[in-house]
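# Structural description and commentary
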There are 2 protein chains.
Amino acid sequence: MQKTFLNPGQEEWKSILQRPVFDSKSLEDTVAAVLIDVKLNGDEAIKKYTQQFDHVEVDDFQVSDAEIEKASSMVSDELKSAILQAKNNIEKFHIAQVQSIEQIETTKGVLCWRKSIAIQKVGLYIPGGSAPLFSTLLMLGIPAIIAGCNEIIVCTPCDKDGNVNAVILYTAQLIGIKNIYKIGGIQAIGAMAYGTSSIQQVYKIFGPGNQYVTCAKQLVSKDGLAIDMPAGPSEVAVYADDSCHPVFVAADLLSQAEHGADSQVILVASSPAIIDDIQVEINRQLPLLLRNKIAAAALKNSRFIVMENVDNAFDLLNEYAAEHLIIASGDAIALSNKIINAGSVFLGHHSPESVGDYASGTNHTLPTNGYAKAYSGVSLDSFVKKITFQSLSEEGIQNIGNTVEIMAAAEGLDAHKNAVTVRLEDIRRSAGSE
Amino acid sequence: MQKTFLNPGQEEWKSILQRPVFDSKSLEDTVAAVLIDVKLNGDEAIKKYTQQFDHVEVDDFQVSDAEIEKASSMVSDELKSAILQAKNNIEKFHIAQVQSIEQIETTKGVLCWRKSIAIQKVGLYIPGGSAPLFSTLLMLGIPAIIAGCNEIIVCTPCDKDGNVNAVILYTAQLIGIKNIYKIGGIQAIGAMAYGTSSIQQVYKIFGPGNQYVTCAKQLVSKDGLAIDMPAGPSEVAVYADDSCHPVFVAADLLSQAEHGADSQVILVASSPAIIDDIQVEINRQLPLLLRNKIAAAALKNSRFIVMENVDNAFDLLNEYAAEHLIIASGDAIALSNKIINAGSVFLGHHSPESVGDYASGTNHTLPTNGYAKAYSGVSLDSFVKKITFQSLSEEGIQNIGNTVEIMAAAEGLDAHKNAVTVRLEDIRRSAGSE
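Each chain carries its own residue numbering, running from 1 in the written order of its sequence. Chain A is the first chain written and ligand 1 is the first ligand written, with later ones labelled in order. The predicted nature of this model means local features are confined to residues of pLDDT at least 70 and side-chain atom pairs, given and counted, to a pLDDT of 80 or more, with totals for whole chains, interfaces and linings taken over all residues. Only hydrogens and water are set aside; all other atoms, that is, all heavy atoms of the structure, feed into the side-chain values.

### Focus: the overall build of chain A
Selection rule: The numbering of helices and of strands both runs from the N terminus, where a helix is a DSSP run of H or I of at least 4 residues and a strand a run of E of at least 2. The classification of residues rests on relative accessible area computed with a 1.4 Å probe and restricted to protein chains. Under 20% of the type maximum is buried, over 50% is exposed, and intermediate values are partly exposed. In what follows, a contact means two residues having at least one pair of non-hydrogen atoms within 4.5 Å. Only the protein chains shown count as covering a residue, and every accessible area follows the Shrake-Rupley method with a 1.4 Å probe. Counting rule applied: Lys, Arg positive; Asp, Glu negative; His and chain ends not counted. Taken as the charge centre is NZ of Lys, CZ of Arg, CG of Asp or CD of Glu, depending on the residue.
Summing up its helical and strand segments, chain A has 16 helices and 14 strands in all. When the 434 residues of chain A are sorted by exposure, 62% land in the buried category. Sequence-distant contacts, at least 24 apart, represent 75% of the contacts inside chain A between residues at least 6 apart. Split by element, the accessible area of chain A, about 16200 Å² in all, is 48% carbon and sulfur. The positive charge centre, built from 34 side chains, and the negative charge centre, built from 51, are 4 Å apart in chain A.

Encoded structure:
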């Protein structure tokens, strides 16, 4: 079904690793029109588009306490404890990212430091529809809470009866998020970007979505709003050597393929025989899956590549820069040193991508589409700004003042120079008058 | 000249703090056309636009070793030692930002960690023209070198004779950057974003520039290229209380005002008398400055605000979210705890903005235009991606596997569940057969 390549030379990599290009320009006019309408007409526009796109009339967007309470009773105890274990692991991993303040005396009397302060207002978009992604709410909400964001709002579409998925509501309440709005799609991004009478404007928007949501996030980011990262279809690359378990690798490839027909699946193996064994397993497992049609469609666009030289294999994987990279090898820890570009990496035979998607503790909001070459996944950093501070004593400005004067003069900025000169002169005068 | 406000109520803040809005849409067509031409025609297009916009013919864009050597002899020893002291301080502050790897065992057998890896290819844009910003090359080049970026290229315009400013070349050579290209403006951003036969494509572009450069960075970022941050005119806010030195504060306001007629200057004082004293000093210092016409124009758009209540003062300053914030108070350290939004903060009477612009050690590439509400300035973080890793033992997957299965099933993703199930079954089988 998918294409297989044998030790392709570097000149072929670009075409082999080509991702599907989606031209969002065709959507831009529609999306921009909705955003402008929301900016100008607020709640009225949101009601209109919720009716038009989601076919439901909503009068009060905000989810009520009664709805949240009711939702909790609809979630099984089994699922509740699973969510709790995931929450604990995600918390542990993200709390470890809290940075303490370290003061650096760069020159005697010149103290400099950075302080992390939460972005005060953040908006989390959680897609609804066929797959209610409560796991994404954990991944975005937990670091937002740890960072100390003052106002955290969640937008998520409701169903035809005006209800938000119960597990999403339960999860929000569990992690301590109260402001949840029944708004989806472009209009949700517009509401959070510009604010309305009932929805607070935020400074940064997080979360996945369909092409319309992605395009809307792109457009509001041009207006100066921060977004988590640019988005594209989800993807996995697997490196498998002789030590791999074909059953496991096949299951990992299929778990990515079930996301959507546009999901990317790349397998790099150290010999042709491994690919044959994995193919047999894919053929066996695929028909047993609920979403086998989606997975089959995704597999058609996948690439299986034999790379007998391990360094070439990792050069190719670094060139691809996968969102998820699985190293299906007994030697995974050593091999991990060869990784330069990836979103999140899964090492060894017992680390499927699924564990990172839900419960290992790492964040599952990751750079797709090769963005891992320059972007990191969501972390605590994504919810804070790091403000720099400097405090100079008289000794400090005396020690570096002349340097600043000389450099400012060389850049032709003499008012910059003068701001130092007036201070140095004042210090000299005070010393003279003592 | 500028407007003064007395204890304005919160409902007035938005209009008082309004920044000049620049509509880049009018430039977009021009900029997009140049970018597409560079993408399609590479070096030929760059030559064409260098001739058209910069009125100089350049055959070989790359600065030669001979040019770099010659430049070094043209820089005074005094300036060389100033640059060296600045370099040392900037290095100290940014080396302290190197993060070691910390492994977190989120659940027994589940090891997770983050590893910072340099963005392999980065491009630094350094404006030329009237003010050759060698200080910006220090601020961008030093963290790029510390991060370990493999390929660092610098684009900067040359003069009518085809020469790049000597101090810029000296600085590049001092910090260890070899690939410098005589390209400016939109075509420089296009060259770094798409690559040409003579210029390497990069993954992230840094650096300030005029409105055309800013617009070009915005447009290539829509193509998936990472950029340091959105840009706007430079700005300072000063908080001054009774303890301030009006001479110093006036000099600080003027040092910001000399940047350009569109620079923003905000003064928040704890009494009307302070503003009067500072105004007297501005009137005295302004005529003495080389760039007094520019500074006078900028001051016309400035705002002087009396805020007798200190908490209100800082609420207003946090609402403004200044790129540079100076606390001209003997109590600056205590007051600094009230700061939530700012790019870089200058505490006390001997910490003018100039020291951070050049030599204290903090980075001077900072969020303007209120972006400090959601963005940090450039730091070592800007030059790395933080990749997450996870490695689970058999015990690890046994401890969290069931949680993953339950959550994946609840999200309707049974191939995700199956990737865990095949492993748990295998472990059970192995245990049974022992």
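### Points about the relation of the copies chain B and chain A
Note the cut-off: A least-squares superposition brings the copies together, and it is based on the C-alpha atoms of residues with pLDDT no lower than 70 in both.
Mapping chain B onto chain A leaves a residual RMSD of 0.0 Å; the transformation is a rotation of 180° accompanied by 0.0 Å of translation along its axis. Such a combination of rotation and displacement between the chain copies is what one expects of a two-fold axis. In terms of C-alpha distance to the rotation axis, chain B has Lys 222 of chain B as its closest residue, with the C-alpha 4.4 Å off the axis. When the interface residues of chain B are mapped onto chain A, 100% of them again lie at the interface, so the same face is used by both copies.

### Description of the interface of chain B and chain A
Our working rule: We define buried area as the total accessible area lost by two parts upon association, computed with a 1.4 Å probe and summed across both. A pairing counts as a salt bridge when a side-chain nitrogen of Lys or Arg comes within 4 Å of a carboxyl oxygen of Asp or Glu. Pairing of N or O atoms within 3.5 Å defines a polar contact, subject to two protein rules: one partner must be a possible hydrogen donor and the other a possible acceptor, and residues neighboring in sequence count only if both atoms are side-chain atoms. In this scheme, strands are said to pair when DSSP sees at least two bridges between them.
Across the boundary between the two partners, chain B contributes 122 residues, which contact 122 residues of chain A. Of the roughly 10400 Å² buried between chain B and chain A, counting both surfaces, carbon and sulfur atoms make up 58%. Counting across the chain B and chain A interface gives eight salt bridges. Between Arg 114 of chain B and Asp 381 of chain A there is a salt bridge whose closest N-O contact spans 3.4 Å. At the surface where chain B touches chain A, the tally comes to 70 residue pairs in polar contact (both at pLDDT 80 or more). Alignment of strand β14 (residues 384–392) of chain A against strand β13 (residues 344–347) of chain B, held across four bridges, turns out to be parallel. Looking at β13 of chain B, one finds that Thr 388 of chain A is bridged to Ser 344 of chain B.

### A few points about the sheet that holds strand β14 (residues 384–392) of chain B
Using the following cut-off: Helix axes use the C-alpha atoms of the stretch in contact, all axes being lines fitted to C-alpha atoms, and the angles between their N-to-C directions lie in the range 0 to 180 degrees.
Pairing is mixed across the open sheet formed by nine strands, whose spatial order is β1(A)-β11(A)-β10(A)-β9(A)-β12(A)-β13(A)-β14(B)-β3(B)-β2(B). Only two strands of the sheet have a single neighbouring strand rather than two, namely β1 (3–6) of chain A together with β2 (104–107) of chain B. Neighbour-to-neighbour, the strand axes of the sheet open up by a mean angle of 20°, direction not taken into account. Bridge analysis of strand β3 (residues 110–118) of chain B against β14 of chain B gives nine bridges, and the strand direction is antiparallel. Its bridge partner lying in β14 of chain B, Trp 113 of chain B is registered against Phe 389 of chain B. Sitting on the sheet, helix α12 (residues 310–320) of chain A is in contact with β9 (235–240), β10 (264–269), β11 (303–306) and β12 (324–328) of chain A, with an inclination near 175° to β9 of chain A. Contacting β2, β3 and β14 of chain B, helix α15 (residues 394–410) of chain B runs over the sheet at an angle of about 90° to β14 of chain B.

### Here's the deal with the packing of helix α15 (residues 394–410) of chain A against helix α16 (residues 414–433) of chain A
Residues and elements named next belong to chain A. Operational definition: Whether a crossing is left-handed or right-handed is set by the direction in which the near helix is turned from the far one by less than a right angle, anticlockwise for left-handed and clockwise for right-handed. We call Asp, Glu, Lys and Arg charged. Ala, Val, Leu, Ile, Met, Phe, Trp, Tyr, Cys and Pro are nonpolar, and the rest, Gly among them, are polar.
The N-to-C vectors of α15 and α16 enclose an angle of 145°; their axes lie 9 Å apart at closest approach. At the point where α15 passes α16, the crossing takes the left-handed sense. Note on element contacts: α16 touches α15 through His 416, Lys 417, Val 420, Thr 421, Arg 423, Leu 424 and Ile 427, opposite Glu 394, Ile 397, Gln 398, Gly 401, Asn 402, Val 404, Glu 405, Ala 408 and Ala 409. Within the contact of α15 with α16, the residues separate by chemical class into seven nonpolar, five polar and four charged.

### Digging into the sheet that holds strand β1 (residues 3–6) of chain B
If you trace the nine strands from one edge of the open sheet to the other, you get β2(A)-β3(A)-β14(A)-β13(B)-β12(B)-β9(B)-β10(B)-β11(B)-β1(B), paired in mixed fashion. At either margin of the open sheet sits one strand with a lone partner, and together these are β2 (104–107) of chain A together with β1 of chain B. The sheet shows a mean angle of 20° between the axes of neighbouring strands, taken without regard to direction. Of the pairings in the sheet, the one linking strand β12 (residues 324–328) of chain B to β13 of chain B comprises four bridges and is parallel in character.

### Observations regarding α15 of chain A
All names here are of chain A. Note the following rule: To estimate how far a helix should reach, multiply one less than its number of residues by 1.5 Å. Bend, in this description, refers to the angle at a residue between axes fitted to the seven residues ending there and the seven starting there.
The end-to-end C-alpha distance of α15, which contains 17 residues, comes to 24 Å, matching closely the 24 Å that a straight helix rising 1.5 Å per residue would cover. Its axis deflected by about 45° at Ile 400, α15 carries its strongest bend there. Listed as buried for α15 are Gly 396, Ile 397, Ile 400, Gly 401, Thr 403, Val 404, Glu 405, Ile 406, Met 407 and Ala 408. Note on α15: the residue one or two positions beyond its end, Gly 412, has a positive phi of about 75°.

### Re the side chain of Asp 414 of chain A
Position of Asp 414 of chain A relative to the elements: it lies in helix α16. Notably, Asp 414 of chain A is buried but unbridged: the nearest opposite-charge side chain belongs to Arg 291 of chain B, and the N-O separation is 6.7 Å.

### Here we look at the packing of aromatic side chains
Residues and elements named next belong to chain A. For clarity, the cut-off: Side-chain rings of Phe, Tyr and Trp (the six-membered ring for Trp) are treated as a pair once their centres are within 6.5 Å; stacked means planes under 30 degrees apart, edge-to-face means over 60, and tilted covers the remaining angles. Two limits define a charge over a ring: the Lys NZ or Arg CZ must be within 6 Å of the ring centre, and within 35 degrees of the ring normal.
All told, the structure shown has 10 aromatic pairs over all chains when counted by the stated rule. Relative to Phe 383, the ring of Phe 206 lies with its centre 4.1 Å away and its plane at 10°, an arrangement referred to as stacked. Taken together, the residues span a long stretch of sequence, with Phe 206 in strand β7 (residues 204–206) and Phe 383 in the loop between α14 (353–358) and β14 at a distance of 177 residues. By the burial criterion, Phe 206 is buried, and Phe 383 matches it. In this structure, Arg 19 packs its charged tip against the face of Tyr 320, placed 3.9 Å from the ring centre.

### Let's talk about the domain arrangement of chain A
Heads up, the condition is: Marked domain ranges trace back to an automatic or database domain assignment.
Each assigned domain of chain A is listed with its residue range as follows: domain 1 (3–20 + 233–361), domain 2 (24–105 + 117–228) and domain 3 (393–433). For domain 1 of chain A versus domain 3 of chain A, the separation of C-alpha centres amounts to 59 Å.

### Quick notes on the environment of Gly 348 of chain A
For Gly 348 of chain A, the position within the fold is in the loop between β13 (344–347) and α14. Once the C-alpha coordinates of Gly 348 of chain A and Ala 332 of chain A are considered, the two residues, 16 residues apart in sequence, prove to be 5.3 Å apart.

### Considering unusual backbone geometry
Residue and element names in this part refer to chain A. Its identity as a non-glycine residue notwithstanding, Ala 321 has a phi of 55°, on the positive side. Note that Ala 321 resides in the loop between α12 and β12. Classification of Ala 321 as buried rests on a relative accessible area of 0%.

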